[in-house]
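Descriptive structure summary
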Amino acid sequence: MNKKHVKVAAASILLLFLLVAAVAFLSRGNLLRHVAGKHMARLEQRYGLDIGYEKLHMKGLRTIAVEGLTVVPAGRDTLLSLQSLDVRIGLWALLGGNINVRHVGMDELSLRFIKQDGKANYDFLFLPSSKDSQPEVPKAERNYARRVNTLLDLLFGLLPGNGELNNLHIYERNDSNFVAFHIPQLHISDRHFQSQMLIQEDSLRQQWNISGELNPSDRRLHATLTAPQLTVPYIRRRFGAEVQFDSLTCRLSQEKSDNSLACLVGEAEVRGLHIYHKRLSTDKINLDHGQLRFHVDVAPQSVELDSASLVRFNTLTFHPYMRIEHPQQSGAEPTWHFTASVDKPWFPAEELFSSLPKGLFENLEGIRTEGELAYHFLLDVDFAQLDSLRLESELKSRNFRIRQFGHTPLNKMSDEFEYTAYEDGRPVRTFPVGPSWEHFTPLAEVPDLLQMSVMQSEDGAFFYHHGFLPDALREALIHDLKVRKFARGGSTISMQLVKNVFLTRNKNIARKLEEALIVWLIEGQHLTSKERMYEVYLNIAEWGPLIYGIHEAADFYFDKRPSQLSLEECIFLASIIPKPKHYKSSFTPDGHLRDSQEGYFRLIAERLTKKGLISEEQAAKVDIANVTLRGAALASFHAQTEEGEEEVPDQTETETDGDF
């Protein structure tokens, strides 16, 4: 082929390309409207929407412009209205199959979420996905790293480096309650932005200051939100909670890695935080400074929080590690594997106790300590092999002592003190735990058989452990995971005492944490002797409806003094501590113990034999028929049987939630 033919061919190809480009340029608006129309029709049909616009066209080659856009669900209020939107995109990125927004201009965007009389204009958002249009990804093909990378590509592609957004309105109303957000102007220049947001929730008005950076090219985000005592809206109405803070800063960046891994590094920092929710604490929780620096690695089948991450509560810092894995196993369904650990080497003890958020640990507020502490925690759960679960938690001390008690003297159980019993969160009785109470029974006057029966039922190692039984907690957690509910607590007598003597009856996360710390302090510092703790336990334990202490229990059930109780009566009293209000369910309508109690009695008798309190011959003669109700319990029992029988619990295996 000679040069002339080559030139002609090249000119023809160039002419054809220019012709195609010219046609594409001239018809770009029609093509845009055609593609948009197909997608809009699909959304309208699937969700029952009416989507319309006044004008949709291209400005040049890179800018998409829409005017007068509205979205109206059928028979509902308008969900979205937009006066105008100009979006300039990166042409070369688009040709490569990626979205890269360079500039956004927006005027008068209004989003209105309205719910009236149970009907909402956003109900369609919660419709289940169509299986035809959204086929399920086979579990063997699920790849968390790929999913995260895809989402981040989309996120950073949509974030503009420059833009001007004017009059953004977001309004939510549920019957008579409402929340309104208004951003008068949001200016983005050279990837940085700054604005004000006006918020009104019912009668509360606020002004928030927002600033930060959107840097898609470096895949980095940064935002700071400030206001004096900023109150997060909607939370109280939806969750019954209050959240306030002075400033919140969030940073996120994606580190470079291959496609098999997604690496995220970031930080969340809050100052002047105030939180209230009854499930957390009865009082408002105050945290002066909280911080989380995280390094997260997302692999195809796992997500890992690297131990380089840092958590701060006021002056206390530690480095957590966490890994959630969903490994693929040949020929088997994939199961979850969860691991979490914290190892904090020796640090000043005051760093922990002075950093406890105010309002979260009422009894410990103001406590002063000296010495050093070190903490180790490990939880490893393979849901395919729950019996292999590992649970380790140890707080060690070195030259530690309490210089000054805080709100509550933690040694108060050592002497006579007033105890208040609660029923459904309300105080029902207050009495002194000591010689001045006519029903008080010193430990020396409690029969050894009863002491050991109760211990073997509740906490057989009470006099040997330091407040906690890690193996019991581990077994309780395994059982709870197997039955998928909180069925066992793994509480020791020490934990039950602290729960009832020092803490409120509100069951929440804070109470469990405070309970553990107080137990550790009392046991580790020997603030109350084991003998006195057990004496207190036997004198305040609930043994029936408004029946407290062994003196009242022996009198209520058998019209006896504690020293007069028989072997079978001691075992029976030990059996009802976990559920004292349901003692009647242990009996038949004619007042005899049910056969289902036989196994429990044999179990405790065997344990008493091993402890040397009774002989094998005595254990063999244990007979539930020897348990006969007398006194006030007998009259109460007959009154109950006339109304109907209670459900019969199986007490072959003793379980307790740790409440009296």
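Refer to the preceding data block for the structure.
The rules behind each value
- Residues numbered from 1 in each chain as written.
- Predicted model: local features only at pLDDT ≥ 70, side-chain atom pairs only at ≥ 80, totals over all residues.
- Heavy atoms only, no water.
- Buried < 20%, exposed > 50% of the residue type's maximum accessible area, 1.4 Å probe, protein only.
- Helix = DSSP H or I, 4+ residues; strand = E, 2+ residues; numbered from the N terminus.
- Contact = heavy atoms within 4.5 Å.
- Polar contact = N/O pair within 3.5 Å; in protein donor to acceptor, adjacent residues only side chain to side chain.
- Salt bridge = Lys/Arg side-chain N within 4 Å of Asp/Glu carboxyl O.
- Axes fitted to C-alpha atoms, helices over the stretch in contact; angles between N-to-C directions.
- Left-handed = near helix turned anticlockwise from the far one by under 90°.
- Nonpolar A, V, L, I, M, F, W, Y, C, P; charged D, E, K, R; others polar.
- Pairing = 2+ DSSP bridges.

A few words on helix H7 (residues 448-458). When you tally the buried positions in H7, you get nine out of 11 residues, the bulk of the element. Within H7 the residues assigned to the buried category are Leu450, Gln451, Met452, Ser453, Val454, Met455, Gln456, Ser457 and Glu458. Of the surrounding elements, those touching the buried residues of H7 are helix H9 (493-501), helix H11 (530-540), strand S24 (542-544), helix H12 (549-558), helix H13 (567-575) and helix H14 (598-610).

For the rest of this paragraph, the subject is the side chain of Glu423. With respect to the secondary-structure elements, Glu423 resides in strand S22 (residues 417-423). Glu423 sits in the buried class, given a relative accessible area of 18%. When neighbours within four sequence positions are excluded, Glu423 is seen to be in contact with Val428, Glu542, Tyr548 and Lys581.

Excluding glycine, a negative phi dihedral is what most residues carry, and trans is how most peptide bonds are arranged. Non-glycine residue Asp175 carries a positive phi angle of around 55 degrees. With respect to the secondary-structure elements, Asp175 resides in the loop between strand S7 (162-174) and strand S8 (177-189). One non-glycine residue, Leu546, lies in the positive phi region at around 60 degrees. By secondary structure assignment, the location of Leu546 is in the loop between S24 and strand S25 (547-548).

The residue Glu269 is located in strand S13 (residues 262-276) in this model. According to the relative accessible area criterion, Glu269 is buried, its value standing at 16%. At a separation of 3.3 Å, a polar atom in the side chain of Glu269 contacts the side chain of Arg271. Among the polar contacts made by the side chain of Glu269, one reaches the side chain of His289 at a distance of 2.7 Å.

Between side chains of opposite charge, pairing is possible as soon as their charged atoms come close. Overall, the coordinates contain 26 salt bridges when judged by the stated rule. For Asp218, the salt bridge goes to Arg220, with nearest N and O atoms at 3.6 Å. Classification of Asp218 as partly exposed rests on a relative accessible area of 45%. Arg220 gets classed as partly exposed once you look at its relative accessible area, which sits at 31%. The salt bridge involving Lys512 is made with Glu515; its shortest N-O contact spans 3.7 Å. Here the residue Lys512 and the residue Glu515 both occupy positions in helix H10 (residues 509-524), the gap between them amounting to three residues, near one helical turn. Assessed through its relative accessible area of 38%, Lys512 is described here as partly exposed. Sharing partners across several salt bridges, the network here consists of Glu213, Asp218 and Arg220.

Here the focus is the packing of H7 against H13. Contact pair H7 / H13: the axes reach a minimum separation of 8 Å and the direction vectors enclose 35 degrees. In this structure, H7 meets H13 at a crossing whose hand is right-handed. When H7 is examined against H13, the residues Leu449, Leu450, Ser453, Val454 and Ser457 are found in contact with a partner set consisting of Leu567, Cys570, Ile571, Leu573 and Ala574. Residue composition of the contact of H7 with H13, grouped by class: eight nonpolar, two polar and no charged.

A few words on H9. One turn of the α-helix equals 3.6 residues, which is why residues spaced by three or four share an orientation. With respect to burial, H9 is a largely interior element, nine of its nine residues being buried. All of the buried residues along H9 are Ile493, Ser494, Met495, Gln496, Leu497, Val498, Lys499, Asn500 and Val501.

Looking at chain direction, strand S4 (residues 80-89) and strand S5 (residues 101-116) are connected through nine bridges and run antiparallel. Bridge assignment links Ser81 to a residue of S5, and that residue is Ser110. For S5 and strand S6 (residues 119-120), the ladder comprises two bridges, and the chain directions are antiparallel. When the sheet's bridge partners are listed, Gln116 is paired in S6 with Lys119. Adjacent in sequence and paired antiparallel, S5 and S6 are bridged by two residues, among which Asp117 carries a positive phi angle near 55 degrees.

The subject of this paragraph is the pairing of strand S3 (residues 63-73). Pairing analysis gives four bridges linking strand S1 (residues 49-52) to S3, with the strands arranged antiparallel. Directly across from Gly52, in S3, lies its bridge partner Thr70. Relative to S3, strand S2 (residues 55-59) runs antiparallel, the two sharing five bridges. Paired with Lys59 across the two strands is Thr63, which belongs to S3. The turn linking S2 back onto S3 is made up of three residues, and Gly60 within it adopts a positive phi angle of 70 degrees. Here S3 pairs with S4 via eight bridges, running antiparallel. Bridge pairing links Thr63 to Arg88 in S4. Following S3, the chain reverses through six residues before pairing antiparallel with S4; Gly75 in that reversal takes a positive phi of roughly 70 degrees.

With that settled, the discussion passes to the environment of Phe294. Within the secondary structure, Phe294 sits in strand S14 (residues 285-299). Dropping the residues within four chain positions of it, Phe294 is found in contact with Arg251, Leu252, Leu264, Val265, Gly266, Glu267, Leu305 and Ser309.

Mapped onto the secondary structure, Gly549 falls in helix H12. Along the sequence, Gly549 and Asn539 sit 10 residues apart, while their C-alpha atoms lie 3.7 Å from each other. In this view, Gly549 contacts Leu538, Asn539, Ile540, Ala541 and Trp543; residues no more than four positions away in its chain are not counted.

Just geometry here; none of it tells us what the structure is for.
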